[in-house]
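The lines below spell out each chain.
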Amino acid sequence: MTSNMSRQACAAFMLMLGMLFCGAAAAQTGAIDTGYYYRLTTSWQGDGKSLDVVNDGTNNKVQLAASGSYYGQFWKFTSLGNGYYRMTNQWRGDGMSLDVVNDGTNNKVQLAATGAYTGQFWKLTPLGGGFYRLTTNWQGDGKSLDVVNDGTNNKVQLAATGNYSGQYWKLTKLGPVSADPDRGGAPKSATVSSKSNAAENIMTQLSSLTNNHVEYGIGGGITSTAATHIQGMAVVDKYWMLSHDNAGNRDGDLIFIDPEQRDRKNTHTYTFTGDDGFSAGAQGDGNYVAVATGENNSIRVFQIDSSAKATELTNLAKTDVFGSGMVENVSLAYHHGHKRHYLMATNNSATVLFVSNGETLDSSSTWTDVSVSGKIPFGEAGTAMLYEASTQTFYVVSLGKSATSTKDENSFSVWTLKQSSGATPTSQFTAAAASTEYLTLTDGSGSFRWGGTAHVRGDGKIQIIAAPRDYKWGQDSDFGVWTSTSGNPVNPSLTIVIQSVKCVETTELGEDEIYLITNTGKRIPSGNETYHDIDNGQTWSVSQTISSSSDITVTLMEYDTVDDRDLIGSFTVRQAEAGSGQTKTVKLTGDGGTYQVTYKVQ
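Think of each chain on its own: its residues are numbered from 1, step by step along the sequence as written. Owing to the predicted nature of the model, reporting of local features is limited to residues with pLDDT of at least 70; listing and counting of side-chain atom pairs is limited to 80 or more, with chain, interface and lining totals taken over all residues. In computing side-chain values, all of the structure's heavy atoms are included and hydrogens and water are not.

Things to note about the overall build of the protein
Part 1 of the argument: Where helices and strands are cited, they refer to DSSP runs of H or I of at least four residues and of E of at least two residues respectively, numbered from the N terminus. Counting its regular elements, the protein contains two helices and 43 strands.
Part 2 of the argument: To sort residues, take the accessible area from a 1.4 Å probe on protein chains only and compare it with the maximum for the residue type: under 20% means buried, over 50% means exposed, and anything in between is partly exposed. The proportion of buried residues among the 602 residues of the protein is 56%.
Part 3 of the argument: Whether two residues touch is decided by their heavy atoms; if any such pair falls within 4.5 Å, the residues are in contact. The contacts in the protein between residues at least 6 apart in sequence include a share of 59% that link residues at least 24 apart.
Part 4 of the argument: As presented, the protein carries roughly 23,200 Å² of accessible surface, and 45% of it is formed by carbon and sulfur atoms. A 1.4 Å probe and the Shrake-Rupley method give the accessible areas. Residues count as covered only by the protein chains that appear here.

Concerning the sheet that holds strand β14 (residues 213-218)
Sheets are built from strands paired through backbone hydrogen bonds, the pairs being either parallel or antiparallel.
Part 1 of the argument: Between any two strands, pairing holds if DSSP finds at least two bridges. Pairing in this open sheet of four strands is antiparallel, and the strands run β14-β34-β33-β32 from one edge to the other. Here the strands that pair on one side only, and so sit at the sheet edges, are β14 and β32 (452-456). Looking at each pair of strands side by side, their axes are set apart by 25° on average, direction ignored.
Part 2 of the argument: Bridge count for β32 against strand β33 (residues 462-466) is five bridges, and the pairing is antiparallel. Looking at the pairing, His-455 lines up with Gln-463 of β33. Angles here are taken between N-to-C directions and fall from 0 to 180 degrees, while the axes themselves are lines fitted to C-alpha atoms, restricted in helices to the stretch in contact.

Quick look at the pairing of strand β42 (residues 583-590)
Part 1 of the argument: The two faces of β42 differ: Lys-584, Val-586, Leu-588 and Gly-590 on one face are buried, but Thr-583, Thr-585, Lys-587 and Thr-589 on the other face are not.
Part 2 of the argument: Linking β42 back to strand β43 (residues 593-601) in an antiparallel pair, the connection comprises two residues, with Asp-591 at a positive phi of about 60°.

Some details on the confidence of the model for the protein
Part 1 of the argument: Here the protein averages 81 in pLDDT, and 81% of its residues register 70 or above.
Part 2 of the argument: pLDDT runs from 0 to 100 and stands for how confident the predictor is about each residue. Considering only residues more than four positions removed or in separate chains, one finds that residues 1-30, a stretch of pLDDT under 50, has 68 contacts.
Part 3 of the argument: Throughout residues 179-187 the model reports pLDDT below 50, and contacts reaching past four residues in sequence, or to other chains, amount to 20 contacts.

Quick notes on the pairing of strand β11 (residues 156-160)
Part 1 of the argument: Within β11, four of the five residues are buried, which leaves it mostly tucked inside the rest of the structure.
Part 2 of the argument: Both strand β10 (residues 143-147) and β11 contribute to a ladder of five bridges, which runs antiparallel. By the bridge assignment, Ser-144 is partnered in β11 with Ala-159.

Here we look at the sheet that holds strand β35 (residues 494-505)
Part 1 of the argument: Spatially, four strands are ordered β39-β35-β43-β42 in an open sheet, and the strand pairing comes out antiparallel. The sheet terminates laterally at β39 (539-548) and β42, the two strands that pair on one side only. Put simply, the sheet's adjacent strands are angled 25° from each other on average, direction ignored.
Part 2 of the argument: Pairing between β35 and β39: eight bridges, direction antiparallel. Bridging from a neighbouring strand, Ile-498 pairs with Gln-544 of β39.

Some thoughts on the environment of Gly-480
Part 1 of the argument: The topology assignment puts Gly-480 in strand β34 (residues 477-483).
Part 2 of the argument: Exposure remark for Gly-480: the relative accessible area of 0% places this residue in the buried category.
Part 3 of the argument: Along the primary structure Gly-480 and Ile-464 are separated by 16 residues, whereas in three dimensions their C-alpha atoms are 8.1 Å apart.

So, the packing of aromatic side chains
Part 1 of the argument: Working definition: a ring pair exists when centres of Phe, Tyr or Trp rings (six-membered ring for Trp) sit within 6.5 Å. Plane angles under 30 degrees give stacked, over 60 give edge-to-face, the rest tilted. In this structure the tally under the stated criterion is 13 aromatic pairs.
Part 2 of the argument: Among the aromatic residues, those joined into a cluster by ring pairs are Tyr-342, Tyr-387, Phe-394 and Phe-429.
Part 3 of the argument: The ring of Tyr-36 is capped by Lys-173, whose NZ or CZ atom sits 4.5 Å from the centre of that ring.
Part 4 of the argument: Charge over a ring is defined by NZ of Lys or CZ of Arg lying within 6 Å of the ring centre and within 35 degrees of the ring normal. For Lys-195, the ring lying beneath its charged end belongs to Tyr-334, and the centroid distance is 5.6 Å.

Side note on unusual backbone geometry
Note: most peptide bonds trans; most residues except glycine with negative phi.
Part 1 of the argument: The omega torsion of the bond from Ile-524 to Pro-525 falls at -5°, within 30 degrees of zero and hence cis.
Part 2 of the argument: With respect to the element layout, Pro-525 can be found in the loop between β37 (523-524) and β38 (532-534).
Part 3 of the argument: Within the chain, Asn-201 stands out as a residue other than glycine whose phi angle is a positive 50°.
Part 4 of the argument: With respect to the helices and strands, Asn-201 occurs in the loop between β13 (198-199) and α2 (202-207).
Part 5 of the argument: Given the relative accessible area of 53%, Asn-201 is considered exposed.
Part 6 of the argument: Here the phi dihedral of Ser-543 falls at roughly 50°; this positive angle occurs in a residue that is not glycine.
Part 7 of the argument: Residue Ser-543 is classed as exposed on the basis of its relative accessible area, which comes to 53%.

What to know about the environment of Leu-158
Part 1 of the argument: Note that Leu-158 resides in strand β11.
Part 2 of the argument: On the basis of relative accessible area, Leu-158 is assigned to the buried category, the value being 0%.
Part 3 of the argument: Considered as a pair, Leu-158 and Thr-105 are 53 residues apart in the sequence and their alpha carbons are 9.9 Å apart.
Part 4 of the argument: Once residues within four sequence positions are removed from consideration, Leu-158 is found in contact with Val-100, Asn-106, Asn-107, Val-109, Trp-122, Thr-136, Gln-139, Lys-143, Ser-144 and Leu-145.

Some details on the pattern of salt bridges
Part 1 of the argument: By salt bridge we mean one thing: a side-chain nitrogen of Lys or Arg within 4 Å of a carboxyl oxygen of Asp or Glu. A complete count under the given rule lists seven salt bridges for this structure.
Part 2 of the argument: The salt bridge partner of Asp-141 is Lys-123, with a shortest N-O separation of 2.9 Å. Of this pair, Asp-141 sits in the loop between β9 (131-136) and β10 while Lys-123 sits in strand β8 (residues 122-128); the two residues are 18 residues apart in sequence, bridging distant segments of the chain.
Part 3 of the argument: Its relative accessible area of 46% is what places Asp-141 among the partly exposed residues.
Part 4 of the argument: Given the relative accessible area of 23%, Lys-123 is considered partly exposed.

Description of the side chain of Ser-413
Part 1 of the argument: Relative to the assigned elements, Ser-413 resides in strand β30 (residues 411-418).
Part 2 of the argument: Looking at Ser-413, its side chain comes within polar contact range of the side chain of Trp-415, at 2.9 Å. Polar contacts here mean pairs of N or O atoms no more than 3.5 Å apart (in protein, one a potential hydrogen donor and the other a potential acceptor; neighbouring residues in sequence count only if both atoms are side-chain atoms).

A look at the side chain of Asp-258
Part 1 of the argument: Locating Asp-258 in the fold gives a position in strand β17 (residues 251-258).
Part 2 of the argument: In summary, the charge assignment counts Lys and Arg as positive and Asp and Glu as negative, without counting His or the chain termini. One buried charged residue, Asp-258, remains without a salt bridge, the closest side chain of opposite sign being Lys-265 at 5.5 Å.
Part 3 of the argument: Dropping the residues within four chain positions of it, Asp-258 is found in contact with Tyr-239, Asp-263 and Lys-265.

Some remarks on the environment of Val-586
Part 1 of the argument: Along the chain, the position of Val-586 falls in strand β42.
Part 2 of the argument: Along the sequence, Val-586 and Asp-103 sit 483 residues apart, while their C-alpha atoms lie 6.9 Å from each other.

Quick look at the structure:
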């Protein structure tokens, strides 16, 4: 067994015996009901982990995640004839199908635009006991959908077919495809990335929120008194998080609420240093959250895992942010153009901004000061930065009554935070009021007097959530939730750099004359009659950048005047890989030659 193969059953007899005791599964009858959604689990990992779509803004990656009532775990099978099915899910709809990435290895699976591709034709072979083997028309029965045995045991890919329990998929029937159940604003997926989502038409979306209000009851709260109450709110990973101080006892709580289970998931207590301080605000950024600690005049950053466990990144703490005066609000968001995280703090007198030194936040990360022209007023319930992709602008939502506003508690103001064209991550930002500065929401039990937040969901819609004024232990506390009426996932631009082409074996005696073409219309070298001479063992340093808003296909050709131009091979980089930062080498074999192309995804 290799590391990319899932756990093999100890004995076929024991595996089959275990299948006799499996829970109700649709496949027990040997038929797929195309009128229903299904949950997909494996014999190896059990019913606690389901095939899911990662909610990372791109929303194309698939993996096993904790089972729950998430749209990304509702899979639909559409018959394509001859025993093959198309696999789509409720969240991404019929326009995105489970596919095999054409990268030369041809083992990676993800969602891709629906089309007549053999990698999207899935065959389900009954294995008994409600289990199926999943293979594709393109790769054939020799490769099955499997779970990678890497210790985490969540990744899925095609692997050599065998008697492995990670290749035994159970299909459990869920609701009918004709229904689209309302799950009260629950997450689309069980897995969220480390980056906050981007949106489009943010001002229009915010304007649509004013009357689109629902009450969302959650139990498992805390005791709220005059001296200890909710100070901030954030959406982080799949949880709603409340920041709460303990009546000046030099500690504070981060309370994690599971909106799917409508109950408390976990509490993380942290200690203040120096002054007693208090929690003063928060915003989540993927699976990171920044928390302001009031009179301590500081900001602390935490990383949150899938079980709502918080780990503080002490290297990213900011102390004496303003030099004098407490921190009232803090915001944390990802800039998809710069591929950096930005941290903003506000109080009565100033706005300060910092940018990370990379696209991930970890124990080696640092912040750099960024100058801001103008000021964004703080909101009593918090501020939140939302990133608009097309304009590369942060829209800052200041929730609740501000120190300078006469508006009531259920209003919010909108501000822009942007740079001049072509600016670098550290160039000056300018803060200004948006065209419609103040908007008032319908009131409910949720109030903007204490905690509130705004965020972009994985489907591109904007949501505002208000924590209730009093959040009681063991009682049903109503959060106010407003969700925009429209929105689409924002796909970041895909950029690759073709670094080099190495000749392993030429296509003929002597040198080859090679060139590259792409589906974006680029030819390397440029010019119709140009090429690069190369021989066995030689490497061509290409260093050419290609960008596209969709998949990029690169084709390697030989300029052969004898029998016309010959195809050596091609590969496709999927749009879903945008921003991954990975460097890959693909092997292309054709026309009697072998080449290796190395490229980096930016």
